[in-house]
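Below are the chains, spelled out letter by letter.
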Amino acid sequence: MRALTWHGEKDVRVDEVPKPEIVNPTDAIVEITATAICGSDLHLYNGKMPSMREGDVLGHEPMGEIVEVGSEVETLERGDRVVVPFTISCGSCWFCETEQYSLCDNSNPNAEMARKMMGHSPAGLFGYSHMLGGYAGGQAEYLRVPYADVGPINVDSGLPDEQVLFLSDVFPTGYMAAENADIEEEDTVAVWGCGPVGQFAIQSAWMLGAGRVVAIDRVQERLEMARSHGDAETIDYENEDVYDRLMSMTGGRGPDRCIDAVGTEAHGTGLDGMSDRVKTGLKLQDDRPYVLREAIKCCRKGGTLSVPGVYLGRTNIPFGSVMNKALTVKTGQTHMQRYLDPLLETIEDGEIDPSFILTHRADLEDGPDLYETFNDKDDECIKVMLTP
Ligand code: NAD
Ligand code: ZN
């Protein structure tokens, strides 16, 4: 079958790879009808994520039709149309039972590698390095889905792919980011990053009762989407000092809730930005936490910092400010399965149409070019959907 594969920094190819087969009786095979490229894939594309191997199949935002199920799969059958969430979860460990699906104790066969680095292993993820399971991803014609009764959600309501596809990651991720921000009625919520995750965090902040939403980026069409679709006030961080502007907008108090929807590859300005580039270049730190530092600085005392942005390892942040300002920090890969049903309902009820973020539709074969376009933010690209 055809699949997008990783061959090193900025080297994604379309390769012929073996079609997946049922390995465990709880597996299902999905024939992919639509699959997206995520900001998280860009960390792989830019060679930031350790434990990737030549030829790994990429992708973790797929949907399609079930073509085969293992003998122990109970809730799905051939012909079902499903969206597959990016976290792989067993459904029966303590973490899954307490709905912390991205922390599943059983789904990462390479848990030891992750344990050595982090002390414990999170869940396995599709197409996201060997340290996180070494699972083949969904930017392909077919995908093997382990624990098929726990992950995929049936979408038989006739909604087109582009309206439900983003349940696979970025809609629930934006939603959990807003939920993690502990938003109270009339709070001011600041969102760094107006990519797909930031856009859904903005939408979700309103859904959860925010009084005011401020969005920060420098890419004009993304800021425009945050204003026009997200009803947010915006700050272009290249033209204005973010701290000064946020303080003047909030009478010196700072936003109550801050969301870092940028993560490890933040673009930094000034000396602070340069210091991140030098330190990562010299391998003195693994991330460029420019946004995390800025959010810590801006957040009001006693406020909440929610971090959906992906970080990889050792990161230089002023923890003294977190402590002395009594900030609450919440983060994590999204506990996807928690959000699938309720968010599908919001789409079916017409409360939200997630396809507003989609700017580029193409064939799987165009994947390598679109990785480049999306990474460089060329051609006003905000979200790519590929069809195998
Ligand atoms: P994206 O790359 O499309 O968007 C990131 C945005 O951040 C860009 O628009 C960029 O211009 C902006 N940005 C860069 N530096 C900035 C700065 N200093 N200030 C403000 N904005 C800045 O990515 P995305 O798909 O929206 O994903 C965003 C982050 O969320 C990534 O780190 C991704 O890995 C992560 N993510 C996490 C989860 C999870 O489960 N926690 C799931 C999906 C994605
Ligand atoms: Zn993703």
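These figures come from a predicted structure and were not determined experimentally. (Residues numbered from 1 in each chain as written. Chains lettered and ligands numbered in written order. Predicted model: local features only at pLDDT ≥ 70, side-chain atom pairs only at ≥ 80, totals over all residues. Heavy atoms only, no water.)

Topic: the site of ligand 1
Selection rule: Nearness here has a simple test: a residue counts as near a molecule or strand if at least one of its heavy atoms is within 4 Å of that partner. As used in this structure description, the phrase polar contact means that two N or O atoms lie within 3.5 Å; if the pair is within protein, one of them must be able to donate a hydrogen and the other to accept it, and residues adjacent in sequence are counted only when both atoms belong to side chains. In short, Shrake-Rupley with a 1.4 Å probe defines the accessible areas, and a residue's cover is counted only from the protein chains shown. Comment: elements are numbered from the N terminus, with helices defined as DSSP H or I runs of at least four residues and strands as E runs of at least two. When residues are sorted by character, Ala, Val, Leu, Ile, Met, Phe, Trp, Tyr, Cys and Pro go into the nonpolar class, Asp, Glu, Lys and Arg into the charged class, and all the rest, Gly among them, into the polar class. Where each domain begins and ends follows an automated or database-derived domain assignment.
Near ligand 1 you find 33 residues, and of these Ser 40, His 43, Asp 217, Val 262 and His 267 are the closest. In this structure, Gly 39 approaches ligand 1 through a main-chain N or O atom, which is 3.0 Å from an oxygen atom. Between ligand 1 and Gln 333, the relevant distance is 3.2 Å, taken from an oxygen atom to a side-chain nitrogen or oxygen of the residue. Bound to the protein, ligand 1 loses 96% of the 860 Å² it would expose on its own. Looking at the shell around ligand 1, the elements with two or more residues in it are α1 (39-45), α6 (196-207), β12 (212-217) and α10 (290-298). The biggest single contributor to the shell around ligand 1 is α1, with four residues. Tallied by class, the residues present in the shell around ligand 1 amount to 17 nonpolar, twelve polar and four charged. Structurally, the shell around ligand 1 is a two-domain feature, drawing no fewer than three residues from each of domain 1 (2-168 + 334-387) and domain 2 (171-331).

Digging into a negative patch on the surface
Selection rule: Exposure above 30% relative accessible area and the absence of a salt bridge qualify a residue for a patch, where like charges join within 9 Å and nonpolar side chains (Val, Leu, Ile, Met, Phe, Trp, Tyr) within 5 Å. Just to be clear on terms, a salt bridge is a Lys or Arg side-chain nitrogen sitting within 4 Å of an Asp or Glu carboxyl oxygen. Lys and Arg are tallied as positive, Asp and Glu as negative. Neither His nor the chain termini are counted. Working definition for charges: the position is that of NZ of Lys, CZ of Arg, CG of Asp or CD of Glu.
There is a patch of like negative charges on the surface, built from Asp 363, Asp 366, Asp 369, Glu 372, Asp 376, Asp 378, Asp 379 and Glu 380. Within the secondary structure, Asp 369 sits in helix α13 (residues 367-376).

A word on α10
Rule in force here: The rule is simple: take the accessible area with a 1.4 Å probe, protein chains only, and divide by the maximum for that residue type; under 20% is buried, over 50% is exposed, in between is partly exposed. Contacts are assigned to residue pairs with any non-hydrogen atoms lying within 4.5 Å of each other.
Counting buried positions along α10 gives eight out of nine residues, so the element sits mostly inside the fold. Taken together, the buried positions of α10 are Tyr 290, Val 291, Leu 292, Arg 293, Glu 294, Ala 295, Ile 296 and Cys 298. Its buried side turned inward, α10 meets β11 (188-192), α8 (242-249), β14 (257-260), α9 (270-281), β15 (304-307) and α11 (319-324).

Re the side chain of His 335
Tracing the sequence through the fold places His 335 in the loop between β16 (328-331) and α12 (340-348). Residue classification places His 335 among the buried residues on the basis of a relative accessible area of 9%. In terms of polar contacts, His 335 uses its side chain to reach the backbone amide nitrogen of Tyr 101, at 3.3 Å. When neighbours within four sequence positions are excluded, His 335 is seen to be in contact with Glu 99, Gln 100, Tyr 101, Ser 102, Leu 103 and Met 176.

Focus on the environment of Cys 90
Examined against the element boundaries, Cys 90 turns out to sit in the loop between β7 (87-88) and α2 (94-97). Between the C-alpha atom of Cys 90 and that of Ile 183, which follows or precedes it by 93 residues, the distance is 31 Å. Those residues in contact with Cys 90, other than ones at most four positions away along the chain, are Cys 96, Cys 104, Asn 106, Tyr 147 and Val 150.

A few points about the domain arrangement of the chain
Going by this rule: Buried area adds together the accessible area that both of two parts lose upon being put together, with accessible area traced by a 1.4 Å probe.
Domain annotation of the chain identifies domain 1 (2-168 + 334-387) and domain 2 (171-331). The C-alpha-based centres of domain 1 and domain 2 are spaced at 25 Å. Taking both sides of the interface into account, the surface hidden between domain 1 and domain 2 amounts to around 2,400 Å²; carbon and sulfur atoms contribute 73%. Summed over the shared surface of domain 1 and domain 2, the number is one salt bridge.

Re the sheet that holds strand β1 (residues 2-6)
This is how it is decided: When DSSP finds two or more bridges between a pair of strands, those strands are recorded as paired. Angles run from 0 to 180 degrees between N-to-C directions of axes, and those axes are lines fitted to C-alpha atoms, restricted for helices to the stretch in contact.
The antiparallel open sheet is built from three strands, whose spatial order is β2-β1-β4. Both outer strands of the open sheet, β2 (12-16) and β4 (56-57), are each paired with one neighbouring strand and no more. Across the face of the sheet, α13 comes into contact with β1 and β2 while running at roughly 160° to β2.

Some thoughts on the coordination of the zinc ion (ligand 2)
Around a metal, the perfect tetrahedron of four donors has angles of 109.5 degrees, and the perfect octahedron of six donors has angles of 90 or 180 degrees. Cut-off, in case you're wondering: Water is not part of the atom set, so a site may look incomplete; the donors themselves are N, O and S atoms within 2.8 Å of the metal, or 3.2 Å for Na, K and Ca. Metal sites are grouped by the angles between bound donors: all angles between 85 and 135 degrees with four donors is tetrahedral, opposite donors over 155 degrees apart with the others between 65 and 115 is square planar for four donors and octahedral for six, and any other pattern is irregular.
Coordination sphere of the zinc ion (ligand 2), protein contribution only: Cys 38 (SG), His 60 (NE2), Glu 61 (OE) and Asp 169 (OD), at 1.8 to 2.3 Å. Considering all four donor atoms around the zinc ion (ligand 2), angles at the metal cover 88 to 128° and the coordination shape is tetrahedral. The sequence pattern formed by the donor residues of the zinc ion (ligand 2) is C-x21-H-E-x107-D. Separated by 131 residues along the polypeptide, Cys 38 in the loop between β3 (28-37) and α1 and Asp 169 in the loop between α4 (161-164) and α5 (170-180) bring together distant segments of the chain.

Some details on α6
Test applied: Each residue after the first adds 1.5 Å to the expected span of a helix.
Look at α6: 17 Å from first C-alpha to last across twelve residues, which is about the 16 Å you get at 1.5 Å a residue. Most of α6 sits out of view: ten of its twelve residues are buried. Those residues of α6 not exposed but buried are Pro 196, Val 197, Gly 198, Gln 199, Phe 200, Ala 201, Ile 202, Gln 203, Ser 204 and Ala 205. Two residues or fewer after α6 comes Gly 209, characterised by a positive phi angle close to 100°.

Points about the sheet that holds β16
With parallel pairing, six strands are arranged side by side in an open sheet as β13-β12-β11-β14-β15-β16. Either end of the sheet is taken by a strand with one partner, and the two such strands are β13 (233-236) and β16. Strand-to-strand twist of the sheet, defined as the mean angle between neighbouring strand axes without regard to direction, takes the value 20°. Strand direction decides the pairing type here: β11 and β14, joined by four bridges, are parallel. Within β14, the position partnered with Trp 192 by the bridge is Asp 260.

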